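# Topology and contacts: notes
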Amino acid sequence: MLATHKHATIKYDDVRKNARNIAEDNLPHHLRGKLKLKGVDRAALAAFSVWQGQPERQTDWDWNFASRYCYRYLKAFDLSVWHGNSLCSLTLGRPTFKGTEMRLDFIEKTPLNCLFSGDMFRVSLLAYETYGDLIGAKKIRIMEPMNNKLISFYMSHGGFSYVGPKRGNPHYLVRDL
């Protein structure tokens, strides 16, 4: 690893941890002290392995790629949300190449029972907006929502507009931070 890559990795590890801590401190009152925001680490990947093969699971992402994603995109943001020892959700994204927008590329909540299941998107969005603010992004994108039901759900969280696919770029939802 080059010295500049190592320096950037350390720098953005600190920014990621800071964003998670700020977001955790700013969770809605009913979630404060009940949820922990962490990175997608070995513990998260071990807990994720229980999700695999669950019939209720809506996607087939193998979250083991998260460490490679964060290595490739040094400014990437990874998030795992925990309630006690239960993994509630995983999220992964990165800034756009110009750095003006934060992309939320992958998000999945547990297919298992989770007391705060209905809050997972809002929690992830708060963390991504916090990270985006810290790195100077002006907008947040939700990349390639899987279906119209998800598009409607995400848009119900206020301020998002739909941007259709063009010139080989995927569709996404976007709003100001």
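Here goes a summary of the coordinates provided. (Residues numbered from 1 in each chain as written. Predicted model: local features only at pLDDT ≥ 70, side-chain atom pairs only at ≥ 80, totals over all residues. Heavy atoms only, no water.)

Quantified by volume, the largest pocket comes out at close to 800 Å³. Contributing to the lining of the largest pocket are 30 residues, with Gln-58, Ile-107, Lys-109, Leu-150 and Tyr-154 lying nearest its centre. Mapped onto the lining of the largest pocket, the elements with two or more residues apiece are strand 4 (101-109), helix 4 (120-135), strand 5 (139-143) and helix 5 (148-155). For the lining of the largest pocket, the leading source of residues is strand 4, giving seven residues. Looking at the lining of the largest pocket residue by residue, the class counts come to 14 nonpolar, eight polar and eight charged. Of the voids in this model, the second largest pocket is the one considered here, and its volume is about 230 Å³. Lining the second largest pocket are 14 residues; nearest its centre among them are Arg-103, Arg-141, Asn-169, Pro-170 and Tyr-172. Among the residues forming the lining of the second largest pocket, the class breakdown is five nonpolar, three polar and six charged. (1 Å grid on protein atoms, 1.4 Å probe; cavity = no way out; pocket = protein on both sides within 12 Å on 5 of 7 lines; lining within 4 Å. Points joined across faces, edges and corners; volume = space filled by probe spheres on them. Helix = DSSP H or I, 4+ residues; strand = E, 2+ residues; numbered from the N terminus. Nonpolar A, V, L, I, M, F, W, Y, C, P; charged D, E, K, R; others polar.)

This part takes up the packing of aromatic side chains. For the coordinates displayed, the defined rule picks out 12 aromatic pairs. Their ring planes at 70° and their centres at 6.0 Å tell us that Phe-48 and Trp-51 sit as a pair that is edge-to-face. In this structure Phe-48 comes out as buried when scored by relative accessible area, which is 0%. With a relative accessible area of 1%, Trp-51 lands in the buried category. Ring-pair connections join several aromatic residues into one group, and the members of that group are Trp-63, Phe-65, Tyr-69, Tyr-73 and Phe-106. One residue, Arg-94, lies across the ring of Tyr-73, its end atom 4.2 Å from the ring centre. We note Arg-141 situated over the ring of Tyr-172; from NZ or CZ to the ring centre the distance is 4.2 Å. (Phe/Tyr/Trp six-rings, centres within 6.5 Å; stacked < 30°, edge-to-face > 60°. Buried < 20%, exposed > 50% of the residue type's maximum accessible area, 1.4 Å probe, protein only. Lys NZ or Arg CZ within 6 Å of the ring centre and 35° of its normal.)

It is worth stressing that arrangement in space is one thing and function is another; only the former is reported here.
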